Amino acid sequence: MPPIFLQWLSLVAMILLQSINGTNSNFPAYSSQLKHLLSMSQIQLNNLAFASDAGKLFGWLSGIAANYLPMWLVLILGSSLGLVGYGVQYLLLIGRVSNLPYGAIFFLAMLAGNSICWINTVCYLVAIRNFPLDGQLVIGLTGSYQGLSAKIYTDIVDVIYPSSNVKRARAYLLLSSILPLIVSVINAPLVRVIKVMKTKRAKDAFIFILVITIATGAFAVMGSIGSTSSLLSPFASAVGMLTLLLAPLLIPLGLGLRHQIKQLAEEKVHIEEINNVSMDKMESGVKLDISEIISESPSESFELSFSSTSEEFNGEIRESNNGDDRISETNEVISVIEEIGVKVMLRRLNFWLYFFVYLFGVTLALVFFNNLGQIAESRGRSASSLVSLSSSFGFFGRLVPSIVEYFVSRRKYMISRPAFVVALMAPTGAAFFLLLANDTSVLWLYISTAIIGVCSGAITTISVSLTTELFGTKNFGVNHNVLVVNIPIGSLLFGYLAAVVYHKEGNAEGKCFGMECYRKTFSLWGTLCFIGTFLALILYARTRKFYNSQRS
């Protein structure tokens, strides 16, 4: 297979892996049933949401594993953790496992949350290594599909169990356990490192995949807000989503076919030239051993074809089947402030500014999404519709930085990502205060959910690039997983406070209905988000000189 085919096929594999990797976003869809079936309090339920996020405390293990193990093995190990974590919870709900203590359920949720880190680490590292000039674009583009996970799982569940809440909760857990493993096994052979020394940006290919991605997001949003409910059945909606997810396969197939056609054409021209030389020599009376020409031509043809192909892509592409390759080759094309390890990083003020910005932005949003089940219940709305809405808009949010990155980078200008974060944190804080609007149609609930989904999704994508720019690429796998440790910390702190307020305002059965259930919580979250905006401004001021120096 042509190396360019394998290079882009790895991108398609990353898209498929990320599209099913957001299993933690399914929690609100089955949390209410889990609470009822296991007779848990709201605080206990929130602790389970924290447990899923607490798995990220050990996400750095995946970064270390990726330094020593093949990528395909890291992928299988990660998805296997999810199989155990979600699978045993599923067996508990259907009654196949009984008398499981709460501590064991907490550990299973933690194990399931950790599995996400392993798949993320594989996708991030393969993107950086296989696309050194466009690594940040590829990371953002493929990572955006993780924001679509909840929508994909919801489409599948809608087909299987359109009405029964108990069966739907079980289906979410079953799918969360087996689907990542199935997709990982299928794509494991494709997640390989194609060492690229220098590579020309494939403009047409990136534009095509961006168009496909935008179409996928538009299809998901229309389905989430109900525009397609009268046109498409749940089955047709699921088939349409699957078709759009597989559509990027056209890119490596097209590039591979073009490569083969070009190679065959060049070989034909080369053979004709050899024949012409042979005829000329025979006509001039020079005796020529045709067998020598034929024996030499294959290697010469290959050399000529490969040279031409290398010229087209402006570099050499070599395939590597192991995961031990380092990314030092990419340092010359990814601008960074400094290359440092985790110990030095923890002593940098920039890291702690970055840490709290993420804590008061993305982490707050994740806690909000974890509580969507109870928020929807308190307003008398369906949790599935809100989960699907947040997923779809989160997808577009994760995609926006990729689009900006593509068009800005082509002008050889490096965008200031801290400034980008500031522009996204402010509307997130405003959205939390919009949730306080006493609207009987819950219009502001849907609008705020969409805003938080877009902004938090965009910051999540930007954070990957920001980590590499602030602290380098050599230790990215460990450094970024240390950063996201703030997710379980924030999940425990903010989720616990939300649970306490919810429980205080609730009835004797532990359920709360009305605006007061989360009024104080939304006020606190909005205030913290604006504090995060101010910290992002400080980080922007401290890094402004670096980004200005990247202007060409």
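Residues numbered from 1 in each chain as written. Predicted model: local features only at pLDDT ≥ 70, side-chain atom pairs only at ≥ 80, totals over all residues. Heavy atoms only, no water.

- Per an unreviewed UniProt entry, the chain is named Major facilitator superfamily (MFS) profile domain-containing protein, and its organism is Gossypium barbadense.
- According to UniProt, the comment filed for the chain under the heading Subcellular location (unreviewed entry) is "Membrane". (UniProt positions renumbered as here; feature names shortened; annotations may be inferred.)

**Description of the overall build of the chain**
Then comes step 1: Helices and strands together make up the secondary structure of the chain, namely 22 helices and 2 strands.
Then comes step 2: Of all 552 residues assigned to the chain, the portion counted as buried reaches 55%.
Then comes step 3: At a minimum sequence separation of 6, the contacts of the chain that also span at least 24 residues come to 86%.
Then comes step 4: Surface exposure of the chain reaches about 23000 Å², of which carbon and sulfur atoms provide 64%. (Helix = DSSP H or I, 4+ residues; strand = E, 2+ residues; numbered from the N terminus. Buried < 20%, exposed > 50% of the residue type's maximum accessible area, 1.4 Å probe, protein only. Contact = heavy atoms within 4.5 Å. Areas by Shrake-Rupley, 256 points an atom, 1.4 Å probe, with all protein chains shown as cover.)

**Overview of the packing of helix α1 (residues 3-19) against helix α9 (residues 165-187)**
Then comes step 1: At a minimum axis separation of 9 Å, α1 and α9 run at an interaxial angle of 170°. On the basis of the axis angle, α1 is roughly antiparallel to α9. Contacts between α1 and α9 pair Ala-13, Leu-16 and Leu-17 from the former with Val-183, Ser-184 and Asn-187 from the latter.
Then comes step 2: Among the residues making up the contact of α1 with α9, the classes are represented as 4 nonpolar, 2 polar and no charged. (Axes fitted to C-alpha atoms, helices over the stretch in contact; angles between N-to-C directions. Parallel < 35°, antiparallel > 145°, perpendicular 65-115°, else oblique. Nonpolar A, V, L, I, M, F, W, Y, C, P; charged D, E, K, R; others polar.)

**Some details on α1**
Side chains three or four residues apart in an α-helix point the same way, a direct result of the helix having 3.6 residues per turn.
Then comes step 1: Taking 1.5 Å of rise per residue, the 17 residues of α1 would be expected to cover 24 Å, and the 25 Å separating its terminal C-alpha atoms lies within 8% of that figure.
Then comes step 2: Among the 17 residues in α1, 16 count as buried, and that is most of the element. (Expected span 1.5 Å × (residues − 1).)

**Some details on the state of the cysteines**
Then comes step 1: Under the definition given, this model contains 1 disulfide.
Then comes step 2: Sulfur-sulfur distance for the disulfide between Cys-512 and Cys-517 comes to 2.0 Å. As the torsion about the S-S bond is roughly -100°, the Cys-512-Cys-517 disulfide counts as left-handed. The same class applies to Cys-512 as to Cys-517, namely buried.
Then comes step 3: Free cysteine Cys-529: the closest other cysteine sulfur is in Cys-455, separated by 8.5 Å.
Then comes step 4: Of the residues examined, Cys-529 reaches a relative accessible area of 0% and is grouped as buried. (Disulfide = S-S within 2.5 Å.)

**Quick word on helix α11 (residues 234-246)**
Then comes step 1: With 13 residues, α11 extends 19 Å from end C-alpha to end C-alpha; this agrees with the ideal 18 Å at 1.5 Å per step.
Then comes step 2: Burial in α11 covers these residues: Ser-237, Gly-240, Met-241, Leu-244 and Leu-245. Within α11, the buried residues cover an arc of 135° as seen down the axis, which keeps them to one side. (Arc of directions from axis to C-beta.)

**Observations regarding the pattern of salt bridges**
Then comes step 1: Under the counting rule described, the total for this entry stands at 4 salt bridges.
Then comes step 2: Residue Lys-151 is joined to Asp-155 by a salt bridge in which the shortest nitrogen-to-oxygen separation is 3.2 Å. Here Lys-151 pairs with Asp-155, and both are found in helix α8 (residues 149-160), just 4 residues apart, close to one helical turn. The pair Lys-151 / Asp-155 is uniform in exposure class, with both members buried. (Salt bridge = Lys/Arg side-chain N within 4 Å of Asp/Glu carboxyl O.)

**Notes on the packing of aromatic side chains**
Aromatic rings considered in pairs are described by the distance between their centres and by the relative angle of their planes.
Then comes step 1: Tallied over the entire structure, the rule returns 24 aromatic pairs.
Then comes step 2: An angle of 80° between the planes, with centres 5.5 Å apart, marks the rings of Phe-355 and Phe-356 as edge-to-face.
Then comes step 3: Using a relative accessible area of 9% as the deciding quantity, one classes Phe-355 as buried.
Then comes step 4: Judged by relative accessible area, which is 34%, Phe-356 ranks as partly exposed.
Then comes step 5: In this structure an aromatic cluster arises from ring pairing among Phe-351, Trp-352, Tyr-354, Phe-355, Phe-356, Phe-360, Phe-471 and Phe-494. (Phe/Tyr/Trp six-rings, centres within 6.5 Å; stacked < 30°, edge-to-face > 60°.)

**Digging into empty space enclosed by the protein**
Then comes step 1: In total, this model carries 9 cavities of 30 Å³ or more according to the counting rule given.
Then comes step 2: As a volume, the largest cavity reaches approximately 650 Å³.
Then comes step 3: Lining the largest cavity are 34 residues, with Asn-24, Gln-146, Leu-366, Arg-398 and Thr-460 sitting closest to its centre.
Then comes step 4: When contributions to the lining of the largest cavity are tallied by element, the ones reaching two or more residues are α6 (102-130), α15 (349-370), α17 (383-409), α19 (443-471) and α20 (476-483).
Then comes step 5: Residue-level mapping places the lining of the largest cavity at the junction of two domains, with at least three residues from each of domain 1 (1-192 + 199-270) and domain 2 (338-551). (1 Å grid on protein atoms, 1.4 Å probe; cavity = no way out; pocket = protein on both sides within 12 Å on 5 of 7 lines; lining within 4 Å. Points joined across faces, edges and corners; volume = space filled by probe spheres on them. Domains from an automatic or database assignment.)

**Description of the packing of α15 against α20**
Relative placement of two packed helices is described by the angle separating their axes and the distance separating the axes.
Then comes step 1: Orientation of α15 relative to α20, taken along the N-to-C sense of each, is 55°, at an axis distance of 10 Å. With respect to α20, the axis of α15 lies oblique. Residue-level contacts link Phe-351, Tyr-354, Phe-355 and Tyr-358 of α15 to His-480, Val-482 and Leu-483 of α20.
Then comes step 2: A per-class count over the contact of α15 with α20 returns 6 nonpolar, 1 polar and no charged.

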